[in-house]
Amino acid sequence: MNYLACDLGAESGRLMLGRVERGHLALEEVHRFPNTPVTVNGSLCWNVDALWKELQAGLRKARSLGIPVHSISADSWGLDYVLLDGEDKMIEPTFHYRDARTARGVENLKAKMDWPALFAETGIQFMPINTVYQLAAESPDRLERVRKFLMIGDAFNFFLSGVARSEESLASTSAIYNPRTRAWSPKVIAALGIAPEVFTETVSAGAVLGPLKPDLAMDMRVVASCSHDTGAAVAAVPAHGASWAYISSGTWSLMGVERTRPVLTEACRELNFTNEIGYAGSVRLLKNIVGLWIMQECRREWARQGREYDYATLIQKAAAAPAIGPLINPSDPRFIAPGDMPKRIADYCVESGQMPPDSVGEAVRCALESLALQYRKTLRELEQLTGERIAQLHIVGGGSQNRLLNEFTANATGIPVIAGPVEATALGNIAVQAITSGELPSLSEARTLIGKSFQLETFEPQEQEVWNSAAERFAKLN
């Protein structure tokens, strides 16, 4: 059977065609398109209309292939949402999680519900960009008009099917969802002062929403796969056996382990880990880490200065730069917002008593080495929370192509790193659809199939003494 995955990422979107054939899972790109934020009245926003037009263009391309498609499902980044009025029209604009308004939302919610109470109810790590704080920053006028709240991936499944549901892997990222009751939290909704009926019914990953809307002119079902891209990516991790952790690597790095129940301890809250729901009710105990965003923003700034570099060139320059130079704390708030990232790196280094990077290669190497050391720190915290030693680390997603970062990560963590597959989110999306259709019997079988179908690369740890010394220096920055 053929399946379509609409995978919406923070930099681009794609419509992917997948099928199970001859003991392998095949994947091909039907349509790829940019996802470019826009500024509306001084606020950073998403152009949802443009994304929907691109998805429809992708559906026309899929239709032209002349092959039957069993189902389609959309997934997206977390945090952001669409508000719909009583006529199911979008209430513009759709804000971007990096918009500065979120700071106001933190203060607004804090007056109604403190952080320990919010964590106890939702198990979500504190980040000012969380959905709950975005909603707390909404104007009364917009909230009076809203009749449906849908996070981005679920909104696109609604556009496809006309059925509004909140799939739990995405709902669970919002800090409005209770992972124990597996439902929206009445306590948090009351603190927000929003009518409970605005929050659409939650469903498990793999729920069939209904047929594709007739005006889209294809005969197939719409499935709520894992609507959160990380949930889908983790479903595609080709791991079995030994205790393992994962990193879904891209603009953000989502690093964690799979568990059967949420970890809502004080230690978990203090270490700022998060509990998100995965396929079949599993729990992703993880931490959101600023990933390749720092390098991406450096590249954008250099381009604004007239110095254009592709990612391959940046990695080459970083590889040629001196090893273990200046380090930054990637979790410092200054590195979250868009802006002149090379200057922010340099300023951080000066403030922390280090010589700032002296070249493009040194700046990129600083970002990547620091990120690898942040992975090491997070790995140790995961072991502390679970009481288990992690034996291997799987890196999936677009960032798994960054061989230099993979080498640094193996060296920093001291355990083997298995990189791939690159298109893990689309593969996980399609795998869940295939399980729903009955073509694949289980997630375990799907992971085995993915491991057989795509080339993986293993990186063994090297230079342990050098990286242990770097970790001691890094610890003083946190």
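Residues numbered from 1 in each chain as written. Predicted model: local features only at pLDDT ≥ 70, side-chain atom pairs only at ≥ 80, totals over all residues. Heavy atoms only, no water.

## Here we look at the nonpolar core
Judged by nonpolar contacts, the single largest core of 135 residues is most densely connected at Leu4, Leu59, Ile72, Phe156, Leu160, Ile294 and Leu368. If we skip the residues at most four places from it in the chain, Ile72 touches Leu4, Leu15, Leu59, Leu160, Leu212, Met220, Arg221, Val222, Val223 and Gln433. Ranked by size, the runner-up nonpolar core spans 30 residues in total, among them Tyr81, Ile124, Ala136 and Trp184. (Core = buried A, V, L, I, M, F, W, Y, C linked by side-chain atoms within 4.5 Å. Buried < 20%, exposed > 50% of the residue type's maximum accessible area, 1.4 Å probe, protein only. Contact = heavy atoms within 4.5 Å.)

## Topic: the packing of aromatic side chains
Scanning the entire structure with this criterion turns up 19 aromatic pairs. Each ring, one from Trp115 and one from Phe126, has its centre 5.8 Å from the other, and the planes form 70 degrees; the classification is edge-to-face. Here Trp115, found in helix α3 (residues 115–122), pairs with Phe126, found in the loop between α3 and α4 (131–136); they are eleven residues apart in sequence, far enough to count as distant. What makes Phe126 partly exposed here is its relative accessible area of 30%. The interplanar angle of 65 degrees and the centroid separation of 5.6 Å between the aromatic rings of Phe126 and Tyr133 together place this pair among those described as edge-to-face. An aromatic cluster of three or more residues is present, and its members are Tyr81, Phe149, Tyr177, Trp184 and Phe199. (Phe/Tyr/Trp six-rings, centres within 6.5 Å; stacked < 30°, edge-to-face > 60°. Helix = DSSP H or I, 4+ residues; strand = E, 2+ residues; numbered from the N terminus.)

## Here's the deal with the packing of helix α14 (residues 360–386) against helix α15 (residues 403–413)
Across the interface, α14 lies against α15 with an axial gap of 8 Å and an inter-helix angle of 40 degrees. In terms of axis orientation, α14 runs oblique to α15. α15 is crossed by α14, and the crossing has right-handed handedness. Here α14 contributes Arg365, Leu368, Glu369, Leu371, Ala372, Leu373, Tyr375, Arg376, Leu379 and Arg380 to the contact with α15, which in turn contributes Leu404, Leu405, Phe408, Thr409, Ala412 and Thr413. Grouping the constituent residues of the contact of α14 with α15 by class yields ten nonpolar, two polar and four charged. (Axes fitted to C-alpha atoms, helices over the stretch in contact; angles between N-to-C directions. Parallel < 35°, antiparallel > 145°, perpendicular 65-115°, else oblique. Left-handed = near helix turned anticlockwise from the far one by under 90°. Nonpolar A, V, L, I, M, F, W, Y, C, P; charged D, E, K, R; others polar.)

## Section: the sheet that holds strand β21 (residues 417–419)
Pairing is mixed across the open sheet formed by seven strands, whose spatial order is β18-β19-β17-β16-β20-β21-β22. The open sheet has two edge strands, β18 (274–277) and β22 (457–459), and neither has a second partner. This sheet shows a mean twist of 30 degrees between the axes of neighbouring strands, independent of strand direction. The sheet strands contacting α15 are β20 (392–396), β21 and β22, and the helix crosses β22 at an angle near 45 degrees. (Pairing = 2+ DSSP bridges.)

## Things to note about the side chain of Asp99
Here Asp99 is to be found in the loop between β8 (94–95) and α2 (102–110). Nearest to the buried, unbridged Asp99 among oppositely charged side chains is Arg101, at 4.1 Å. The contacts of Asp99, once residues within four sequence positions are left out, are Gly42, Ser43 and Leu44. (Lys, Arg positive; Asp, Glu negative; His and termini not counted. Salt bridge = Lys/Arg side-chain N within 4 Å of Asp/Glu carboxyl O.)

## What to know about the pattern of salt bridges
The final tally for this structure, using the stated rule, is 27 salt bridges. For Arg300, the salt bridge identified is with Glu11, shortest N-O distance 3.0 Å. In this pair, Arg300 sits in helix α11 (residues 293–304) while Glu11 sits in the loop between β1 (2–8) and β2 (12–21), placing the two residues 289 residues apart along the sequence. We note a salt bridge from Arg101 to Glu138, for which the minimum N-O separation is 3.7 Å. Here Glu138 lies in the loop between α4 and α5 (140–145) and Arg101 lies in the loop between β8 and α2, a separation of 37 residues in the sequence. Summarising the burial analysis for this pair, Arg101 and Glu138 share the class buried.

## Observations regarding the sheet that holds strand β14 (residues 207–211)
Backbone-to-backbone hydrogen bonds pair the strands of a sheet. The strands run either parallel or antiparallel. Judged by pairing direction, the sheet is mixed, and its six strands sit side by side in the order β3-β2-β1-β6-β15-β14 without closing on themselves. Two strands close off the open sheet at either side, each with one partner strand: β3 (24–34) and β14. Going across the sheet, the axis of each strand differs from the next one's by a mean of 25 degrees, ignoring polarity. In this structure, strand β6 (residues 71–76) lies alongside strand β15 (residues 221–224), joined through two bridges in parallel fashion. Among the inter-strand pairings, Ile72 is bridged to a residue of β15, identified as Val222. Against the sheet, helix α1 (residues 48–64) contacts β1, β2, β3 and β6, and its axis sits at roughly 135 degrees relative to β3. Set on the sheet, helix α6 (residues 152–161) makes contact with β1, β6, β14 and β15; between it and β6 the angle comes to about 150 degrees.

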